[in-house]
Amino acid sequence: MEMVKELNPALIKRKRNGQINIKSGNKIDAVVKWTIWILTFLTVLAFFVFDYTGFQIERAITETIHNIRVMFLEPGLSHFSWSEAVYQVGVTLGLGILATIFGAIIAFFLSLMAAENLSKSWLSNTVRIVVAFIRAVPTVLWVLIFAIAAGLGSEAAVLGMLFHSVAYLVKAFSESFEEVNPGIIEALRATGSSWWHIVVNGVLPSTFTYLLSWTFLRFEINFSVAVAMGAAAGAGGIGFELFMASGFYFDLREVGFITYAILVVAIVLEIISTRLKERYFPSSINS
Amino acid sequence: MNAKQMRKNKWQTTIFFILIIIVTYLSTAITKFNFIDSIATIPAAFSWIFSNLLITEESLEKLPQILEKLGETIFMSIAATTLAAVVSLFLAIMGSKTTKVNQTFSVIARFIASFSRNIPVVAWSLILLISFGQNSITGFLALFVATVGFLTRAFIESVDEANQSSVEALTATGATYFHMISKAVIPQSLPQMLSWILFMIETNIRSATLVGILTGTGIGYMFDLYYKNMNYNLVALITFTIIIAVIAIELISNRIRRVIL
Amino acid sequence: MSLLKVEGLSKFYDRETKVLKDVNFEVKAGEFLSIIGPSGAGKSTLLRCMNRLVEINEGKVIFNGLDVGAMKKKELRKLRTNIGMIFQHYNLVPRLTVIENVLHGRFGYKSTIQGVLGRFTEPEKEQAFFLLEKLGISEHAYKRCDQLSGGQQQRVGICRALIQEPELILCDEPIASLDPNSSKVIMDYLKSISTEMGITCIVNLHQVEVAKEYASRIVGLKQGEIVFDGPSKLLYGEQIQNIYGMESRELITV
């Protein structure tokens, strides 16, 4: 071991007050620190910007506790029957299924155009920009805008929900396509296969399970979107019943019942999609 | 793959597609969805959009008001996400298998997360609306509760991914539980967590619009108001400002992500 | 007097498989002891019983006259402060700087608040630099430790153990992930820690040749049982065969 007599002062960074610095002061640390500070600052600021009309904290809290207790401990139905409730859950699931399946079909073709290894770069960039634009508009606005042309109902809801489903799935699908081993595509190209040949024989077999898993993950999201569209855009289903129970009848027991119904379906869907994720996507993926 | 297996696979694929068709058919029946009508609607809707959703000079006069409401919505989603992140951090540390104190707390943390995540944000806002009334706090709380559920799950994954061996090393030096959390676990998972927080802010701005329609606050309220008044020029302007805000925030988060991850 | 005494130590994760079976040995202060054996022999578990990173099922581990198995939380922390540990995969916190990782060795002396806030005194920081200089990596002090090579990371691990001012250092396969050159450097450092600083070292190794070259005494472990305990020069081909089983030929030459 080397004999150390004195420390080399050139290697030691010191703070202004002469203390030894132990942080490296690199860019990553700085960005992390600043992001946290800015978010904290904006959060504090937010409470000065908020609109507090009609907000009484004590009343709100005691009432909420009371309401939540009634909702979750004494759920019941008064304006419709059990079979009606099941039917309404079915409607919401149906909306979710339609938006997901149509979305997956459209997204499949668009993602072939968006995948860098299967498409031309101008085309893939165009698709990406359009998708980013579509994603920026909240689903509820899409549904409401379509409702003007198609009238309130399942058509407007499904068409409106399609947009985000397509945007989400194009991103997921095209990333799956891009991960296909380039050797497979090259080999098929070398045999003189046509583009469709490459897609059907080279790309699809190795990505099909991923596409299905992503589609199911989207279905999980679309279920809660369908609930929301029922409540906010009159698309029917269990979401609309929730809106009526809480906004018109003020029937807390019914709100509780409906919430439980939604919760049960959502948890079942989540369990299935967690299984799928563990099986097909071992590392976590930012959705 | 032999011929028998291939035939079996083919069969499975066929059955699968038949199932999909049946499910689709049942869905159209239960929702009274008319396929032909909806296809016919698409061109009509787009021609309507391009002829009516136009930003006029007149509508621009309302811009300051709109921006104020948009600001409220953005603030609402940032505040809800940031505060939810703090709560989620605690829940995630209790819930993760790497850092849990005991099994009971872990189960409780995961239960809270699952409960708040699986009740959709609309349901939370309708529930809270009854007692909190039409103001920002209602929307804030609805977003907050739903975000806690989502972020806790994401954070648990980040904490689980943190390198277990450095936790062991710190324990071996005689460090306490909190030393280990603050110096071995958090430094490793913080960038990943920040990335989730940024993602959630983006998502919450869109959800805040929806929540705003229900709770009568922020940009959602403005949209709903002019939508019902059929003032489509303002509807267009509002939609446009939301697009700009969401894309701007997405770009900023992507930049931050590129540096920290 | 012996620094560490293992008496009738047994460890099982479930009923059927005993990892350690009635292990007995003593370590004197200042010794450089190597524990050898094939992988799965229970070397890592044995080492981790000494600072109770794994719980002891049967028997006793006595350190400085104190029963490790019976220690309460506070005493256990004090014990761990007194025992440094070096790992096969270095076990550093990847996103932090080298100097921060070295200072983690001081947590045993800190209150929770001091540690969480990262309050280290100037003498502690100077000591950290001193150790880095001694191990020849002080120019990397402000680098993130995942940017360092394996050998350099292991030297950071050694610094972290040394800054604890321990009486004993446990090394769990310190060179198993390193190339031959870095391995030699690390083993030389460990040797000089014991000869120059008088710190007792217990080193798990699976390479017999390395153990024979560096250790003054060797303990051979096979399926959780001690099959050899004696000066390293008394370990011959026959005993080695006994430790590693029949397929030993390839293993030894590694």
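Residues numbered from 1 in each chain as written. Chains lettered and ligands numbered in written order. Predicted model: local features only at pLDDT ≥ 70, side-chain atom pairs only at ≥ 80, totals over all residues.

### Structural notes on the overall build of chain A
Threshold: Runs of E in the DSSP output that reach at least two residues are strands. Runs of H or I that reach at least four are helices, and both are numbered from the N terminus. Radius of gyration: C-alpha atoms only; globule rule: 2.2 Å multiplied by the number of residues to the exponent 0.38. What counts as a contact here is a pair of residues whose C-beta atoms, placed from the backbone, lie within 7 Å.
In terms of regular secondary structure, chain A is built from 10 helices and 0 strands. Ordering the α and β elements of chain A from the N terminus gives α-α-α-α-α-α-α-α-α-α. At 27 Å, chain A has a C-alpha radius of gyration far larger than the 19 Å of a compact globule built from 287 residues. Overall, chain A is about 85 × 70 × 40 Å in size when its C-alpha atoms are taken along their principal axes. Partitioning the intrachain contacts of chain A with sequence separation of at least 6 by distance along the chain shows that 70% fall at a separation of at least 24.

### Here we look at the interface of chain C and chain B
A common measure of how large an interface is: the accessible area buried when the components associate. The condition that has to hold: Side-chain classes follow a simple rule in which Ala, Val, Leu, Ile, Met, Phe, Trp, Tyr, Cys and Pro form the nonpolar group, Asp, Glu, Lys and Arg form the charged group, and the remainder, Gly included, forms the polar group.
The interface of chain C with chain B comprises 24 residues on the first partner and 19 residues on the second. Secondary structure elements with two or more residues in the side of chain C that touches chain B: helix H2 (73-82) and helix H4 (112-117) of chain C. Looking at which element gives the most residues to the side of chain C that touches chain B, the answer is H2(C), with 4 residues. A per-class count over the side of chain C that touches chain B returns 9 nonpolar, 10 polar and 5 charged.

### A few points about the pairing of strand E4 (residues 58-63) of chain C
All names here are of chain C. Let me state the cut-off plainly: Here a strand pair is declared whenever DSSP counts at least two bridges between the two strands.
By the bridge criterion, 5 bridges tie strand E1 (residues 2-12) to E4 in an arrangement that is antiparallel. Along E4, the bridge assignment pairs serine 10 with glutamate 58. Sheet topology places E4 next to strand E5 (residues 66-67); 2 bridges connect them, and they run antiparallel. The residue bridging isoleucine 62 from the neighbouring strand is aspartate 67, located in E5. Connecting E4 to the next strand, E5, in antiparallel fashion are 2 residues, including asparagine 64 with a positive phi near 50 degrees.

### As for the UniProt feature "domain: ABC transmembrane type-1" (unreviewed entry) in chain A
We apply this condition: UniProt positions are given in the numbering used here, feature names are shortened, and annotations may be inferred rather than shown by experiment.
In the numbering used here, UniProt assigns the feature "domain: ABC transmembrane type-1" (unreviewed entry) to residues 89-273 of chain A. Taken as a whole, residues 89-273 of chain A contains 86% helix and 0% strand, while its terminal C-alpha atoms sit 19 Å from one another.

### What to know about the interface of chain B and chain A
Listed by partner, the interface residues are 66 residues for chain B and 68 residues for chain A. Residues of the side of chain B that touches chain A, tallied by class, amount to 41 nonpolar, 20 polar and 5 charged.

### Focus: the sheet that holds strand E3 (residues 32-36) of chain C
Residue and element names in this part refer to chain C. Our working rule: Lines are fitted to the C-alpha atoms to define the axes, a helix being fitted only along its stretch in contact, and any angle between axes, read from their N-to-C directions, falls within 0 to 180 degrees.
The strand order across the open sheet built from 6 strands is E6-E7-E8-E3-E9-E10, with neighbouring strands paired in mixed fashion. Each edge of the sheet is formed by a strand with only one pairing partner; in this case those strands are strand E6 (83-86) and strand E10 (225-231). Each neighbouring strand pair of the sheet contributes to a mean axis angle of 15 degrees, computed without reference to strand direction. Judged from the 5 bridges that link them, E3 and strand E8 (residues 200-205) form a sheet pairing that is parallel. Bridge pairing links serine 34 to valine 203 in E8. Sitting on the sheet, helix H7 (residues 180-197) touches E3, strand E7 (168-172) and E8, and the angle it makes with E8 is about 155 degrees.

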